[in-house]
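Fold and contact review
For reference, the chains in residue letters:
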Amino acid sequence: MNMIEVNNITKRFNDKLVLDNVSFKIEKGEIFGLLGPNGAGKSTLMNTIVGLIKMDKGEIIVGGHDINKESVKARSMIGLVPQEIALFEGLNARDNLEYWGGLYGLKGKLLKERVEEALDMVALADQGKKLVKAYSGGMKRRLNIAAAMLHHPEIIIMDEPTVGIDPQSRNYIFEMIQKINKERNTTIIYTSHYMEEIELLCNNIFIMDLGKEIAYGTKAELKRMVQSDKIINIKAKGNLDMLMLELKKLNSVRKIDVEENIIKIVCNEKMNLNQLLIEVSKQNVEVKNISVEEISLEEVFLTLTGKRLRDKEA
Ligand SMILES: Nc1ncnc2c1ncn2[C@@H]1O[C@H](COP(=O)(O)OP(=O)(O)OP(=O)(O)O)[C@@H](O)[C@H]1O
């Protein structure tokens, strides 16, 4: 069953096209990864799915409900964890969650139970009485996630939940996502510009940049798109610029970079190692080491877009 259908969404801010005919489907119980560099349009897309931003064209169906026509029903199925922390610093964690639970219509014993359950889920049960202003950034983010799950939504959307947090909180968040997905079959949309997080958590992946689909499919399918590619690393000393110029002339070379003393060559299946070695031996370089690597999602992105995923903190 499709939990979310995004059909041909287009959105402009003034004259700027921010979402360009985006479409995908997410099945119930999937952990769906939305990956793209800063400014790709991820937050705009998430906010459109929850109905906070109106699309110019297209259609979004959440659990069978059109977000424009049956917005209350559609929105009630979603717990959104926004990028910005939405907590009262002067209240403790429990009081914050009680406030949010109240907004979802929870009260009395059920509200108390859900608050304890959510605190437990994000491993903050023993910190519930602490004022939020005394929390670390990672703890705040975990509490923010707890707030989004109080009403047991069928879908949780997390907009870059691990930006700028400590590794321990990041691990708690990963464990929590996997647990809630396994135990409650919650559908998760996880947006990130960290390739390794998407690779670890998600079954299906949508890669976007500049508002457009770059690639969409399972991890295996995405890797298969550039499957015949391999990466050859040559560690060498000497005139590497000259060597790179010569190697670029080979038809089988798709991309070539140099970092310190290592030349990294992304090449297709036509690459003949002998030919490569002949080219290398013609140049005035001393080869220290040659190795062949398996392709990663980072390389898939790089090969498809010609760009490295920019890091938020960079
Ligand atoms: N309210 C707005 N008005 C005008 N332009 C906007 C608005 N919101 C977003 N944009 C622009 O739309 C583009 C996509 O932004 P968006 O925040 O959706 O990207 P993102 O992939 O979530 O990036 P990040 O990882 O930095 O959060 C950017 O160029 C941004 O400047």
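Residues numbered from 1 in each chain as written. Predicted model: local features only at pLDDT ≥ 70, side-chain atom pairs only at ≥ 80, totals over all residues.

An unreviewed UniProt entry lists the chain under the name ABC transporter ATP-binding protein, from Inconstantimicrobium mannanitabidum.

The subject of this paragraph is the sheet that holds strand β14 (residues 285-293). Across the sheet, 4 strands lie side by side as β12-β13-β11-β14; this open sheet has antiparallel pairing. Edge positions in the sheet fall to β12 (253-259) and β14, since each has one partner strand and no second. Strand after strand, the sheet turns through a mean of 20 degrees between neighbouring axes, direction not considered. Bridge count for strand β11 (residues 230-238) against β14 is 8 bridges, and the pairing is antiparallel. Paired with Ile232 across the strands is Val292, a residue of β14. (Pairing = 2+ DSSP bridges. Helix = DSSP H or I, 4+ residues; strand = E, 2+ residues; numbered from the N terminus. Axes fitted to C-alpha atoms, helices over the stretch in contact; angles between N-to-C directions.)

Of note, the phi angle at Asn8 is positive, near 50 degrees, even though the residue is not glycine. Looking at where Asn8 falls in the secondary structure, it is placed in strand β1 (residues 2-13). Phi angles above zero are rare outside glycine, and Ala123 is one such case at about 60 degrees. In this fold, Ala123 is placed in the loop between α4 (108-121) and α5 (137-148).

All residues adjacent to the ligand are Phe13, Val18, Gly36, Asn38, Gly39, Ala40, Gly41, Lys42, Ser43, Thr44 and His193. In terms of residues, the shell around the ligand owes the most to one element, helix α1 (residues 42-49), which gives 3 residues. Taken together, the residues of the shell around the ligand sort by class into 3 nonpolar, 7 polar and 1 charged. (Near = placed C-beta within 6 Å. Nonpolar A, V, L, I, M, F, W, Y, C, P; charged D, E, K, R; others polar.)

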